[in-house]
Amino acid sequence: MLDEFLHIERIAYFSMEIALRNEIPTYAGGLGVLAGDTVRSAADLELPMVAVSLVSRQGYFRQEIDAQGRQVEHPASWEPERFAQPLDAKIAVPIEGRAVWIGAWLYVLEGHMGGLQPVLLLDTDLEENRREDREITHHLYGGDETYRLKQEIVLGVGGMRLLQALGFTIRHYHMNEGHSALLGLELLRRYLYPPEDLRPGESPYDLPRVRELCSFTTHTPVEAGHDRFAYDTVQRVLGNVINVDIAQRLANPAEAQRSRLSFDEAFVDLATLKHLAGEDSLNMTRLALNLSEYVNGVAKRHAEVSKKMFPGYRVHAVTNGVHPFTWTAESFRQLYDRYLPSWCHEPEQLVRADCCIPDAAVWEAHVQAKQALIEKVRALTGVALHPKVPILGFARRMTAYKRPDLLFSDIERLKAIAQQRSFQIVLAGKAHPRDEGGKRLIEQLHARARALEGVVPVVYLPDHDMDIARLLVAGVDIWLNTPLRPFEASGTSGMKAAFNGVPSLSVLDGWWVEGCIEGVTGWAIGNAAGADDGDARALYDKLEQVVLPLYYGYEREPGGWIRVMKGAISKNASYFNSHRMMRRYATEAYIR
Ligand SMILES: *Cc1c(COP(=O)(O)O)cnc(C)c1O
């Protein structure tokens, strides 16, 4: 099976998390879903890639919500052998002075149009390793700083060595976020200037060559969000391989030869590492920036913010997209198949949705998707939502900057709006086990739901995953997004909603700065530069005066609501899809 992937040069795509399918819990949220959509689009477009990630045998976690509305975390163990095949190759990386062995599972991602892409899931749970090392690839985003650094060595350095051992020919490396930036150190080790060309004191590394080979997508618009490691930790974990004077060794050609071959030889000296990754701490974003010729943010606004954060670096913008087939409900797939048959390969076709698809057919497809959600809600919570009453949806990672509580900041106002025109609310999302603020938000949301009892039905679906997300983005009537600016680099769930004719009601941040045409594709909350403290009032005003009246306004404006649904499809789904995103990466980053 592997052999068929080796005959052609590939783009290696490195990501700490990847959402391959619902049964494989190797993702935590939007970043992993984006990685999955990247490879799914590559499969449809027949763009040869190989994805590299960790096997995360215990997954992220399975979320249960207890009677008090508190998150309870359970391991989400999965059996790689059920979905992937073990590969023979094993390589070692140096961690804390010992060799840690790494094997891999081959998962073959099968696109719905027949394309195949290999995904390597790295695994340290091998007999050769001592107990603690066997657990390095168990928990996605688990453990402490040291554990994370070990994972990033396995992903970056281990991933590179495994690709080589398996016989892949790689034409370009793409780092999805900074977690995999250590791969660049392995590349530096491979691309050394010939020793005879070096003058004393000159860097032995062919950095320009390495930079040509690498692209880096940053996802974090705040400095504090970037992965960084104290050099104490780095010295402890990587000490014996960075405290070597490479230039001195290279003065002796026999040494140089050895340093290319043996696993425990230096890949970079500490001075060079500090030069590339920051003097005070090893900043993975800095490292990735310095090792990549092509750097991009995930939306136009995010690229601007990143340029300010990293003066002197050229930061391109490739706005994210979502995978058309994956995120479109069955009823809408059938609708598009009928009216715009090539939409799956060429989602640009959807620009014609506003003129070419009858209103009644759009509404009927939505009614079906809403029914599917209502049934799921009843099965999971026992609550019967009303099919004729609009549903507001909010589901994503639960963390402070996403402000899931904004909608609930004035309960009396919310009740007053609902007494005029009723609506229902569906929520979902996991908080990182160590994000106390995020976990508190989940509790608060449950308290708010109780306070609204009898006036606004509110349900919280536990264990948000790809399947729940798919039902939610299609089955609600309005997709709500209320991040604190400028923290939402892109956001992708609103794009998924657009594929299902669900308009967004959103703060102008991330993708929505590009996607929002007021009253045409959805609605803005506040303005792009607005003060955050006015957002709650802006949200209530818009909901009360614009969104709900339009939804209920059949008599005054028949088809008014459906026009916005079609606006979301024709103007947003046609553009904010991962096919467009991958065509851009291919022509602007991979082939240069
Ligand atoms: C799409 C998706 C996300 C990302 O949602 P944002 O609104 O972009 O934060 C998170 N979790 C799951 C399960 C998703 O499918």
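Residues numbered from 1 in each chain as written. Predicted model: local features only at pLDDT ≥ 70, side-chain atom pairs only at ≥ 80, totals over all residues. Heavy atoms only, no water.

Caption draft 1: A look at the overall build of the chain. Check the secondary structure of the chain and you find 23 helices and 20 strands. Its C-alpha radius of gyration of 25 Å places the chain within 12% of the 25 Å reference for a compact globule of 592 residues. Expressed along its principal axes, the backbone C-alpha trace of the chain runs to roughly 85 × 50 × 45 Å. Of all 592 residues assigned to the chain, the portion counted as buried reaches 60%. By sequence separation, contacts in the chain at least 24 residues apart represent 72% of the contacts at least 6 residues apart. Of the accessible surface of the chain, which amounts to about 22500 Å², a share of 49% is contributed by carbon and sulfur atoms. Put simply, the chain has 66 plus and 76 minus side-chain charges, and the middle of one group is 3 Å from the middle of the other. (Helix = DSSP H or I, 4+ residues; strand = E, 2+ residues; numbered from the N terminus. Rg over C-alpha atoms; globule rule 2.2 N^0.38 Å. Buried < 20%, exposed > 50% of the residue type's maximum accessible area, 1.4 Å probe, protein only. Contact = heavy atoms within 4.5 Å. Areas by Shrake-Rupley, 256 points an atom, 1.4 Å probe, with all protein chains shown as cover. Lys, Arg positive; Asp, Glu negative; His and termini not counted. Charge placed at Lys NZ, Arg CZ, Asp CG, Glu CD.)

Caption draft 2: Quick peek at the domain arrangement of the chain. Taken domain by domain, the chain comprises domain 1 (2-292) and domain 2 (325-576). The C-alpha centroid of domain 2 is placed 35 Å from the C-alpha centroid of domain 1. Taken together, the 29 residues of domain 1 in the interface contact 28 residues of domain 2. Summed over both sides, the interface of domain 1 with domain 2 buries roughly 2400 Å², with 57% coming from carbon and sulfur. Taken as a group, Asn 22, Gln 63 and His 112 account for 22% of the area that domain 1 buries against domain 2, more than any other trio of residues on that side. One can count one salt bridge joining domain 1 with domain 2. Inspection of the region where domain 1 meets domain 2 yields 13 residue pairs in polar contact (both at pLDDT 80 or more). Looking at the side of domain 1 that touches domain 2 element by element, the count peaks at five residues for helix H1 (residues 30-45). (Domains from an automatic or database assignment. Buried area = accessible area lost by both parts, 1.4 Å probe. Salt bridge = Lys/Arg side-chain N within 4 Å of Asp/Glu carboxyl O. Polar contact = N/O pair within 3.5 Å; in protein donor to acceptor, adjacent residues only side chain to side chain.)

Caption draft 3: Focus on the site of the ligand. Around the ligand sit 13 residues in total, of which Arg 396, Lys 402, Thr 492, Ser 493 and Lys 496 are the nearest. Residue Lys 402 places a side-chain N or O atom 2.5 Å away from an oxygen atom belonging to the ligand. Within the contact set of the ligand, an oxygen atom lies 2.6 Å away from a side-chain nitrogen or oxygen of Lys 496. Its free accessible area being 390 Å², the ligand has 96% of it covered by the protein chains. The class makeup of the residues in the shell around the ligand is three nonpolar, six polar and four charged. Of the domains in this structure, domain 1 (2-292) and domain 2 (325-576) are the two that each give at least three residues to the shell around the ligand. (Near = heavy atom within 4 Å. Nonpolar A, V, L, I, M, F, W, Y, C, P; charged D, E, K, R; others polar.)

Caption draft 4: Summary view of the sheet that holds strand E20 (residues 522-525). With respect to topology, six strands assemble into an open sheet ordered E17-E16-E15-E18-E19-E20, the strand pairing being parallel. Looking at which strands have only one partner, the edges of the open sheet turn out to be strand E17 (458-461) and E20. Taken over all neighbouring pairs, the strand axes of this sheet differ in orientation by 20° on average, direction set aside. In this fold helix H21 (residues 535-552) packs onto strand E15 (391-395), strand E18 (478-481), strand E19 (504-507) and E20, with an angle of close to 160° to the strand it touches most, E20. (Pairing = 2+ DSSP bridges. Axes fitted to C-alpha atoms, helices over the stretch in contact; angles between N-to-C directions.)

Caption draft 5: Main features of the packing of helix H10 (residues 270-277) against helix H11 (residues 284-291). Running from amino to carboxyl end, H10 crosses H11 at an angle of 90°, the nearest separation of the two axes being 7 Å. The angle between the axes of H10 and H11 places the two elements in the roughly perpendicular class. On the side of H10, the interface is formed by His 275, Leu 276 and Ala 277, while H11 contributes Arg 286, Leu 287, Asn 290 and Leu 291. Here the contact of H10 with H11 is built from residues that sort into four nonpolar, two polar and one charged. (Parallel < 35°, antiparallel > 145°, perpendicular 65-115°, else oblique.)

Caption draft 6: Spotlight on H1. If you check H1, its first and last C-alpha atoms are 22 Å apart, about what 16 residues at 1.5 Å a residue would give, namely 22 Å. Burial of H1 is extensive: 15 of the 16 residues sit out of reach of the surface. (Expected span 1.5 Å × (residues − 1).)

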